[in-house]
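Structural overview for review
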Amino acid sequence: MDFDWTNDQIEFRKMARDFAEREIRPVAAWIEGRDQPNGLGNFPRELLQKMGKAGFMSCLHDKEFGGNGKGLLYECIIAEEFGAVSPAAELARLVSCALFGMPLAMFGTKEQKAEFLPKILAGELIGAIGITEPNVGSDTAGMKTTAILDGDTWVINGEKRFITNGSQADVLSLFAITDPTVKAHKGMSTFLFETKTPGFSVVKNYEMHGMHGMRVSHLAFNNCRIPRHRLLGQLNQGFKQLMMELDKERIALAAESLGMGRACIEAALKFSQERVQFGKPIKDFEGISFKIAENATLLEASQLMVHRAACKADKNLPCTKEAAMAKLFACDEVIRICDDCIQILGGTGYTCDSFVEQFYRDARLMSIGGGTREIMKYLISREVYSQAGYSSKGA
Ligand SMILES: Cc1cc2nc3c(=O)[nH]c(=O)nc-3n(C[C@H](O)[C@H](O)[C@H](O)COP(=O)(O)OP(=O)(O)OC[C@H]3O[C@@H](n4cnc5c(N)ncnc54)[C@H](O)[C@@H]3O)c2cc1C
């Protein structure tokens, strides 16, 4: 085992951190939209282009299509560094280049990749991923949206909800049922869907507890006709493709949690050093310093789990259990970290004068999106029973 970062990884993290300070920090409050009354901040479209031009959309993609092929561990470094400054901007980036981009990278033809990837990776097009529906959340196999072949076009009907980047997206990785006569595991397929297609509409953007700079949308598809060649990968293999995509998605989401947790701990360290009560800095009280100790430990454990899972994914090793464990742990513990850091900051932590209040709200998403904590526990128990040689049925 080797726990040291390579020089290239250290240099890459420095570049990502410099970019975050130079380009994201100055617009972070604008993205959060503190002046907006309705819980909608500002979607950072221009910033996404800057991220793309600087190469921060490229890690999961081949050089041939504008990528750099560095892999998921590098993607995690970006998620940590950008997530530490603007969680909403980071999720918008991650969804476009990784969550939209991964099914295309893994299952797309050369022509499909050449058509969409260079523009996505440059931040010129925005991508999104469409899985969740009004009646389909954790149980993705219950999907209702259909894609039926009619001559040379697929006709798509249905609804998708909670789609990050939804109203801003130019193109979706869209999951739909192509054979309603069999179970979704054998009758789901993936499509590249352009939102300029007639019949597509944005029903609404959700007002949310946190992540105000994201656009999370309800989308409708009414007899949308797309060309036959927009099928991504093999017909009726969509469920398998989705499961492969989700392992990587979960690791990257957990990595963003690391950034949020780190930023809050750094703020708590600084505050507890400077804030004096009863004649001494509050860090000199065990009630404060032990909170720092506990949260630093949680963060480090989260880092180890996320980075290990990413390394396994980069080696193309099975990582469903590690991805689910990393997501469960990092995404749950970041909520506790943010909560404790608000406590350390006292009244200041509860006000909007401190970003910790915002990160506490933002962090709450992480144990819901990309699979809830309950579903992570289900997956982990299934894998653990199965690895121990027991039937995983019912686990
Ligand atoms: C801000 C935001 C952004 C999102 N972005 C996207 C996106 O870009 N694309 C996309 O497709 N989706 C997206 N989602 C959807 C997200 O993945 C789902 O919300 C999530 O998978 C849970 O589905 P659900 O909300 O329908 O909850 P449900 O599945 O209805 O679950 C409700 C509750 O029941 C629990 N539950 C369900 N089944 C079980 C079980 N078997 N055992 C124990 N407990 C269970 C859940 O854990 C949860 O606590 C987003 C969601 C949010 C909030």
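Look a little higher up for the structure.
Right, let's walk through the structure included here.

The contact between helix H4 (residues 72–83) and helix H10 (residues 286–314) brings their axes to 8 Å, and the two run at 145°. Where H4 abuts H10, its residues Leu-72, Leu-73, Cys-76 and Glu-80 lie against Val-306, His-307, Ala-310, Cys-311, Ala-313 and Asp-314. A per-class count over the contact of H4 with H10 returns 7 nonpolar, 1 polar and 2 charged.

Turning our attention to the packing of aromatic side chains. Within the structure shown, the criterion is met by 12 aromatic pairs. With a centroid separation of 5.6 Å and an interplanar angle of 65°, the aromatic rings of Phe-200 and Phe-221 are classed as edge-to-face. Placement of Phe-200 in strand S6 (residues 200–205) and of Phe-221 in strand S7 (residues 216–227) is noted, with a sequence separation of 21 residues between them. Like Phe-221, Phe-200 is buried. Members of the aromatic cluster, each reached through a chain of ring pairs, are Phe-12, Phe-19, Phe-56, Tyr-74 and Phe-82. The ring of Trp-5 carries Arg-13 above its face, with NZ or CZ at 5.1 Å from the centroid.

Here the focus is unusual backbone geometry. Residues other than glycine seldom take positive phi values, yet Asn-223 does so here, at roughly 50°. When you line up the elements, Asn-223 lands in strand S7. Phi at Asn-316 is positive, roughly 60°, even though this residue is not glycine. Tracing the backbone shows Asn-316 in the loop between H10 and helix H11 (320–345). Relative accessible area serves as the criterion here: at 66%, Asn-316 is assigned to the exposed category.

Okay, the nonpolar core next. Counting residues in hydrophobic clusters, the biggest one holds 99 residues, and the most contacted among them are Ile-24, Met-51, Phe-56, Phe-82, Met-188, Ile-251 and Val-306. Ranked by the residues each element gives to this core, the list is headed by helix H9 (residues 238–274), at 16 residues. Apart from the residues within four sequence positions on either side, Phe-56 is in contact with Phe-12, Met-15, Ala-16, Phe-19, Met-51, Ile-78, Phe-82 and Arg-93. Listed in part, the 17 residues of the second largest apolar core include Ala-176, Phe-191, Phe-193 and Leu-219.

Let us look at the pairing of strand S5 (residues 188–194). Moving residue by residue along a regular strand, the side chains alternate between the two faces of the sheet. The element S5 is largely enclosed, with a buried count of 7 among its 7 residues. The two faces of S5 match: Met-188, Thr-190, Leu-192 and Glu-194 on one face and Ser-189, Phe-191 and Phe-193 on the other face are all buried. Looking at chain direction, strand S4 (residues 171–177) and S5 are connected through 7 bridges and run antiparallel. Among the inter-strand pairings, Phe-175 is bridged to a residue of S5, identified as Thr-190. Bridge count between S5 and strand S8 (residues 231–232): 2 bridges; the pairing is antiparallel. Counterpart to Phe-191 in the pairing with S8 is Leu-231.

Time to look at the environment of Cys-224. Here Cys-224 lies in strand S7. Taking the C-alpha atoms as reference points, Cys-224 and Lys-377, separated by 153 residues in sequence, lie 37 Å from one another. Setting aside its immediate chain neighbours within four residues, Cys-224 contacts Trp-154, Val-155, Ile-156, Phe-193, Thr-197, Pro-198, Gly-199 and Phe-200.

Parameters at a glance
Residues numbered from 1 in each chain as written. Predicted model: local features only at pLDDT ≥ 70, side-chain atom pairs only at ≥ 80, totals over all residues. Heavy atoms only, no water. Axes fitted to C-alpha atoms, helices over the stretch in contact; angles between N-to-C directions. Helix = DSSP H or I, 4+ residues; strand = E, 2+ residues; numbered from the N terminus. Contact = heavy atoms within 4.5 Å. Nonpolar A, V, L, I, M, F, W, Y, C, P; charged D, E, K, R; others polar. Phe/Tyr/Trp six-rings, centres within 6.5 Å; stacked < 30°, edge-to-face > 60°. Buried < 20%, exposed > 50% of the residue type's maximum accessible area, 1.4 Å probe, protein only. Lys NZ or Arg CZ within 6 Å of the ring centre and 35° of its normal. Core = buried A, V, L, I, M, F, W, Y, C linked by side-chain atoms within 4.5 Å. Pairing = 2+ DSSP bridges.

Any functional reading would require information that these geometric values do not contain.
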